[in-house]
Amino acid sequence: MEAQTDTRFVPHFPLIRVSNREIMNLERVSNEEKLNLCRKYYLGGFAFLPFLWLVNVVWFFKEAFMKPAYTEQPQIKIYVKRSALGLILWVAVLTTWITIFQHFRAHWGEVADYLSFTIPLGTP
Amino acid sequence: MGSVKRIEFLLICFFYARVSCSSVEQKIYVALNNTTPCVRLLNATHQIGCQSSISGDTGVLHVLETDDDLDWITKTGPHAPYMVLMDSFTFTRSSMMRLKNSSRVAGVAVIHMSTPPDKGFSPHTSCPNQNTGVYTESYGPDLANCSTTVWNPLGNGLSYEDFPFPIFSLADDNETQVIRKCYEDHNKRVNGSAPVYPLCAMQLFSHMHAVTDTVTCMRRTDLQNSFSINPEQLCDPLMDYNVWATIRPINATAKGHKQNESMVIAATRLDGRSFFYDLAPSAEGTVSGIVTLLAAAEALRSVTQVAPPPRNIFFVFFQGETFDYIGSSRMVYDMQNNKSVIDFDNVHSFLEIGQVGLRREQNLWMHSDPISRRNETVNEEVAFLVSNIKSAASMSNLTLDEPNATQALPPSSFQRFLRVRPIPGVVLADHQSSFINKYYESLYDTAEYLKVSYPPNLSPEEQLEYETEAAKSLTEVATLVARSLYKQAGGENSVLKNITADTKTMAKLLYGFLVKSNNSWFRSLLPREMVSKDRILESSPPQYYVSLSQNQQPKSVTTFVKYILANMTGTATNLNQSQCQNPKDIPGESKDLYIYDWISGPASENHTAGEPFCVRAPVRLAKAMSPAFELRQYGSREYSTWTESRWKTIKARIFLVASPQLQMLTLGVGIAVLLVSLVVTYFISSKADILFSSAHDAPNTTY
């Protein structure tokens, strides 16, 4: 009974297949591999994938700022901070563009139609 | 297991919602089935018509009868937004514009009353097809924009307004009684005080996909088609087919100029419209011309076989003329580009039948174009045509005259031909200047208005044959038209008296086109599979809105005219069914010259199906889609650019609505119950060990 409840209530998120040997969560990964993962996510974000940065920030926030210090922590901190910065930049740029686009879409007419993938029905 | 079952049940419920779980919906809503919406149409620059939001517009019903009600709806009533219920007498420009400019209106439902208003009503513009006729800044600028004659002075232009809310037409029947009762029971003001909840409300769905103008919606449609996985059509061009026939067959597969052919064109229009989507009775506006030309074609059949006139006569019925001359502009375009069976050099002269059903005394008027008549030769030819018609009239009771020589042509297909070349031509109509028709392009332009009505106690078969006054009077016009055409085609004077239109035919035409298309005569003229399968015959009159041709099928009116014209101009043959379908190898038969139709044939006395036979006729359909869509010039100023928006749901329903406070309270209680249950579940789940430890022996089954 006890063992069963244990496995059930361990949070399964976030899961990632690091090697093809096992599915892991951060609790069970060595610090070295944590850094490795964090770097991969950080670098991956540069391929116009801001959501990787978002995941990185959420996932490694505790590791970077809450956990007691360990050797790889400063490096993880740097990656998390930069990911957060990049994310904020992306959010700012996207919000601005979406606001401008939605506001002026009807006004731009033809240009806006060519920029759109789906056009809402029945609105100018 | 229990929870799995419950989920299954919910899924089944979800999929079969209409079958098993609709009882709640049925208890709440009363669906209204006998409704017609006003829909959105678009041209190069504007959108017209109505639209609801995507989830339908809901409002508390209020009947509009007096100015007091109008104030209540637009200013003082506490239950905004209102769904305005009015009868068709209140449906005027002034009240509609006040509602349009108010933000407190959710929609309008108009109950159509069968008695027309005495002072007339026309939701069309006062100057129909103002910008696409012949008169422009460069051609008769002083006649442009109806500056000399306002053709439809009663036109209030409502059909060309853009309303931001849905407007539905309701037939005056049991359903409207239910609505009225719901209103009387719940919404009626007592001594001027506001009614209390629950109130009777109406919800109208008519969400339109297209917006702004044809340019925008065609561009978006093209874009969607080019790269969307799930393309969504937004609008379609209004289109259908013109019908034409000649008294001597011409090769219809060879396009362009026809050697040694000189044609007198006899034209009329096939379509009309009203404020509401596909309702368009158009009795005087359209049908009077159709039946006259059809009867004239029949009157000419025997004579032209015995004594054929030197010139050919080209009967043509233009479709979509109401919407900036779709049919005629397409035929003119095809003639200019050698895509039609004839070209402009084949045209000798032009006689168009306008509105001819409401003559004052015995007068008919011959309208001609003063600008082209400034040319001496054209003037002579027009004068010749006029004298031919007058001499034909001298043999009848009709008095024909020309209106004031400086008056422009009324809106007519002929104007599209004049834009290209100054062809001599005349438009025959019952009005000297403004239309006599008080209900132009409205729901009141019906059989009753043309005085096509029958004595009581006649069976449908007797009504079909009954010669009304209207039939007699239109037969005179048809005879006149037939004689004028024969004379204009160079026929002998001595034969003229043998040309007479048949009153019986006219009676049947009027019955079929204005009262009931499902009659024994129409059935006998159509192919059998069309009668049985296509269901184009109805126990109501056909509607004359051009609409879109679905799957390239011509619409019902076009089909009727085609087969009747085949009967009027063609001959019955001895071919059997397979020969009729493929007469290629039979000597003397040619698919280039004729169409061959295997038609049902007249039913015998004892109501059994008739003996089908093969009719051979020089009748054809020609596509009537505006050249603007062929040329992809969606912003064209020269050609019609009218498109009809697509939509998904058109429906109307009424229900009782509770006060907003009660609605919010219900919602609040619901949310509270949800939250409480979540908390309880969480605690039960976290204390499951304690709560359920003693209740079971095998722990595996707990989960």
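Residues numbered from 1 in each chain as written. Chains lettered and ligands numbered in written order. Predicted model: local features only at pLDDT ≥ 70, side-chain atom pairs only at ≥ 80, totals over all residues. Heavy atoms only, no water.

### Side note on the pattern of salt bridges
It is possible for side chains bearing opposite charge to pair when their charged atoms get close.
Phase 1 of the analysis: Taken as a whole, this structure holds 23 salt bridges over all chains when the rule is applied.
Phase 2 of the analysis: When the shortest N-O distance is used, the salt bridge between Arg220 of chain B and Asp113 of chain A registers 3.0 Å. Note that Arg220 of chain B is positioned in helix H7 (residues 214–227) and Asp113 of chain A in helix H5 (residues 110–115), a pairing that runs across two chains.
Phase 3 of the analysis: For Asp113 of chain A, a relative accessible area of 1% puts it in the buried group.
Phase 4 of the analysis: In this structure, Glu161 of chain B and Arg93 of chain B form a salt bridge, with 2.9 Å as the shortest nitrogen-oxygen distance. Taken together, the positions of Glu161 of chain B in the loop between strand S7 (105–112) and strand S8 (167–171) and Arg93 of chain B in helix H5 (residues 93–100) put the pair 68 residues apart, joining distant regions of the chain.
Phase 5 of the analysis: For Glu161 of chain B, a relative accessible area of 15% corresponds to the buried category.
Phase 6 of the analysis: Given the relative accessible area of 30%, Arg93 of chain B is considered partly exposed.
Phase 7 of the analysis: One network of salt bridges, with partners in common, ties together Lys34, Glu63 and Lys67 of chain A. (Salt bridge = Lys/Arg side-chain N within 4 Å of Asp/Glu carboxyl O. Helix = DSSP H or I, 4+ residues; strand = E, 2+ residues; numbered from the N terminus. Buried < 20%, exposed > 50% of the residue type's maximum accessible area, 1.4 Å probe, protein only.)

### Regarding the nonpolar core
Residue and element names in this part refer to chain B.
Phase 1 of the analysis: Of all hydrophobic cores here, the largest spans 128 residues; its most connected members are Met96, Leu99, Val108, Ile167, Phe513 and Ile564.
Phase 2 of the analysis: If one sorts the elements of this core by residue count, helix H8 (residues 283–306) sits on top with twelve residues.
Phase 3 of the analysis: Among residues more than four places away in sequence, those in contact with Leu99 are Leu64, Leu70, Ile73, Thr74, Val84, Met86, Val105, Val108 and Phe165.
Phase 4 of the analysis: Formed by 31 residues, the second largest nonpolar core is a distinct cluster that contains Trp244, Ile250, Phe414 and Ile423. (Core = buried A, V, L, I, M, F, W, Y, C linked by side-chain atoms within 4.5 Å. Contact = heavy atoms within 4.5 Å.)

### A short note on the UniProt feature "transmembrane region" (unreviewed entry) in chain A
All names here are of chain A.
Phase 1 of the analysis: UniProt's entry tags residues 41–61 and 82–104 with the feature "transmembrane region" (unreviewed entry), counted in the numbering of this structure.
Phase 2 of the analysis: The span residues 41–61 shows a helical share of 76% and a strand share of 0%, and its end C-alpha atoms are spaced 13 Å apart.
Phase 3 of the analysis: A helix fraction of 100% and a strand fraction of 0% characterise residues 82–104, whose end C-alpha atoms lie 33 Å from each other. (UniProt positions renumbered as here; feature names shortened; annotations may be inferred.)

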